[in-house]
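# Architecture at a glance
Single-letter residue listing:
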Amino acid sequence: MLSELLTVIYIIASVSFIIGLKMLSSPAKARNGNLIAAAGMTIAILGTIFLYKDEYGQSLHNYGWIFGGIITGAIAGTLAAKKVKMTAMPEMVSLFNGMGGACAMLIAVVEFNHISEVFYKPGWSEVPWKINGAIIGHLLTMYAGAFIGSVSFAGSIIAWGKLNGKIKDFSFKGQHIFNIVLLFVIIGLVIFLSFGLNPFNYELFYLIPLLSLAYGVLFVFPIGGADMPVVISLLNSFTGVAAACGGFLYNNKVMLTGGILVGAAGTLLTMLMCKAMNRSLKNVLIGNFGGGNAVAAQSKAGGSYKEISISDAAVAMAYAKKIMIVPGYGLAVAQAQHACHELENMLEEKGVEVQYAIHPVAGRMPGHMNVLLAEADVSYDKLLEMEHANNEFKTTDVVLILGANDVVNPAAKTDASSPIYGMPVLEVEDAKMVIVNKRSMKPGYAGIENALFFKPKTSMLFGDAKNVLQQLVAEVKAL
């Protein structure tokens, strides 16, 4: 009876994951979708704790440890989520994703320890251990969980450090070759232990997570900052696959479903991010795009730029018919989304049409700008995707760029020597006037100079985005 009830709970939880994921595709429904999926996970966890019985009829025990871990994690996660700034959201996502990978890796290690206990029994060290097809499948699942989970954990931690500036891009001559060799060593070890595991070599298993941790670090280290959205998506899919391995090991349907959904969603998102950048995943992983000063030195746009005052910018915007705002990481750094929404409202009161152009890789993770503007109650209908926005620029009077850089760089279309050549960008130069708000003329996250800043239509408005927007609001209000 209890097993049937647990099965029903797992079905309900699995359905809630699917519904929640579907709702996440719409900004208007994303919050409720997240709550529905969380509710499904909650009942799945509680159902497992109180209703699960193994093949020997034994229930879970050590409730103190179980609920101690749940409570500790819930408190830590809640406090972190409430205190995190929108600028730090990408690294938090990367950190949490890494924790999921670590859990999958530990599950594989613990389950292998259960199998290896047989080798400690008297007599087993004197005879070969017989391996059949079922055992090989079980071992492969454990090895995959240990490998993928370790790579996801180590890679996510490095990505977290790179996103918050504590870890710099690092590479050495021949690193890609070294990484490939290390990967084949791990795969070879997995194959060998799958068919040749015995009481004399079983401890070699622990090399799999150790080497995989090293591979995860070396795998992410050389990848440039401009590719972080792709890397986060890819590591997220790794964690999902590793979690699915845990579902196989425990024959847990809801864990398997959740892992498959995360893995599939992460993989699709990775493909979409690559498409948005017009680059292959292979090129992302070995291209070292945006990875330091060497790239910056290759793309010097040069030329002279002109500045615009707050009052002149306010006049140009107040008397325009149509304005497009392009949010970027600088907007997030300044926590200026609310001031931006206030300027939008002020301009609309004067009869100006205001919309937002959203590049799919703007910010530090997929959807970063959408989340940022949603926090300020900007209407979802005003957020235009890149293709739609590019069609609108031709009829736009003023484009206001707030901290965006690489995603508006025309070199992606005109300069074949640029490392971002071929990457789809927002074609802001088609508008009648472009105002760029930046703190300075320093290159963007990809490490290259922006040719847009030196075009005749472009005017630079230097300063912190929040302060600049607040001054613009005051000036527009006074007109």
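These numbers were taken from a predicted model, which means no experiment stands behind them. (Residues numbered from 1 in each chain as written. Predicted model: local features only at pLDDT ≥ 70, side-chain atom pairs only at ≥ 80, totals over all residues. Heavy atoms only, no water.)

### Remarks on the confidence of the model for the protein chain
Per-residue confidence for the protein chain gives a mean pLDDT of 85, with 89% of residues at or over 70. Within the model, the stretch residues 289–299 combines pLDDT values under 50 with 29 contacts to residues more than four positions away or in other chains. (pLDDT = per-residue confidence, 0-100. Contact = heavy atoms within 4.5 Å.)

### A word on unusual backbone geometry
A positive phi is found at N251, a non-glycine position, where the angle reads about 55°. As for its placement among the helices and strands, N251 is situated in the loop between α8 (228–250) and α9 (253–276). One non-glycine residue, D377, lies in positive phi territory at about 65°. Here D377 shows up in the loop between α15 (368–375) and β3 (383–385). (Helix = DSSP H or I, 4+ residues; strand = E, 2+ residues; numbered from the N terminus.)

### Quick notes on the packing of aromatic side chains
Applying the stated criterion to the full structure yields 11 aromatic pairs. Centroid distance F112 to F205: 4.0 Å. Interplanar angle 15°. Geometry classified as stacked. With F112 in helix α4 (residues 89–116) and F205 in the loop between α6 (175–196) and α7 (207–220), this pair connects stretches of sequence that are 93 residues apart. Given the relative accessible area of 0%, F205 is considered buried. A ring pair is formed by F172 and F178, whose centres lie 6.1 Å apart and whose planes are at 70°; its orientation type is edge-to-face. (Phe/Tyr/Trp six-rings, centres within 6.5 Å; stacked < 30°, edge-to-face > 60°. Buried < 20%, exposed > 50% of the residue type's maximum accessible area, 1.4 Å probe, protein only.)

### Things to note about the packing of α8 against α9
The geometry of α8 relative to α9 is characterised by a closest axis approach of 7 Å and an angle of 160° between their N-to-C directions. Regarding the angle of α8 to α9, the classification is roughly antiparallel. In this structure, α8 crosses over α9, and the sense of that crossing is left-handed. (Axes fitted to C-alpha atoms, helices over the stretch in contact; angles between N-to-C directions. Parallel < 35°, antiparallel > 145°, perpendicular 65-115°, else oblique. Left-handed = near helix turned anticlockwise from the far one by under 90°.)

### Side note on the environment of V326
As for its placement among the helices and strands, V326 is situated in strand β1 (residues 322–327). Along the chain, V326 and V408 lie 82 residues apart, while their C-alpha atoms are 8.8 Å from each other. Non-local contacts of V326, meaning those with residues more than four positions away in its chain, are made with A357, F393, V399, L400, I401, L402, A404, V408, L426 and V428.

### As for the nonpolar core
Inside soluble globular proteins, nonpolar side chains tend to come together where they are buried. Ranked by size, the top nonpolar core spans 43 residues in total, and within it F112, Y143, F205, I208 and V220 carry the most contacts. Only α4, α5 (133–163), α6, α7 and α8 provide two or more residues apiece to this core. For this core, the element with the most residues is α5, which contributes 10 residues. Setting aside its immediate chain neighbours within four residues, Y143 contacts F112, V190, L193, S194, L197, F205 and I208. The next biggest cluster of nonpolar side chains, apart from the first, holds 41 residues, and it includes A336, L373, L469 and V473. (Core = buried A, V, L, I, M, F, W, Y, C linked by side-chain atoms within 4.5 Å.)

### Quick look at the pattern of salt bridges
Scanning the model with the defined rule gives seven salt bridges in all. The partner of K394 in a salt bridge is D430, and the shortest N-O contact between them spans 3.9 Å. With K394 in the loop between α16 (386–392) and β4 (398–402) and D430 in the loop between α17 (411–414) and β5 (433–438), this residue pair connects regions lying 36 residues apart in the sequence. A network of salt bridges, in which partner residues are shared, links E344, E348 and K382. (Salt bridge = Lys/Arg side-chain N within 4 Å of Asp/Glu carboxyl O.)

### A word on the pairing of β5
The element β5 is largely enclosed, with a buried count of five among its six residues. Bridge count between β4 and β5: five bridges; the pairing is parallel. Across the sheet, the residue bridging to I401 is V436, located in β5. Bridging between β5 and strand β6 (residues 458–462) involves five bridges; their strand directions are parallel. Looking across to β6, one finds that N437 is bridged to L461. (Pairing = 2+ DSSP bridges.)

### Section: the sheet that holds β4
Within a sheet, each strand pairs with its neighbour through backbone hydrogen bonds, oriented either parallel or antiparallel. Spatially, β3-β2-β1-β4-β5-β6 is the arrangement adopted by the six strands of the open sheet, whose pairing is parallel. Looking at the sheet topology across the chains shown, the edges are occupied by β3 and β6. Averaged over neighbouring strand pairs, the angle between their axes works out to 25° when direction is ignored. Strand direction decides the pairing type here: strand β2 (residues 353–358) and β3, joined by three bridges, are parallel. The residue bridging A357 from the neighbouring strand is L384, located in β3. Across the sheet, helix α18 (residues 465–478) is in contact with β4, β5 and β6; its angle to β6 comes to roughly 105°.

### Structural notes on the environment of V231
Along the chain, V231 turns up in helix α8. Residue classification places V231 among the buried positions, given a relative accessible area of 2%. The spatial distance from the C-alpha of V231 to the C-alpha of L281 is 9.5 Å, given a sequence separation of 50 residues. Once residues within four sequence positions are removed from consideration, V231 is found in contact with V220 and I223.

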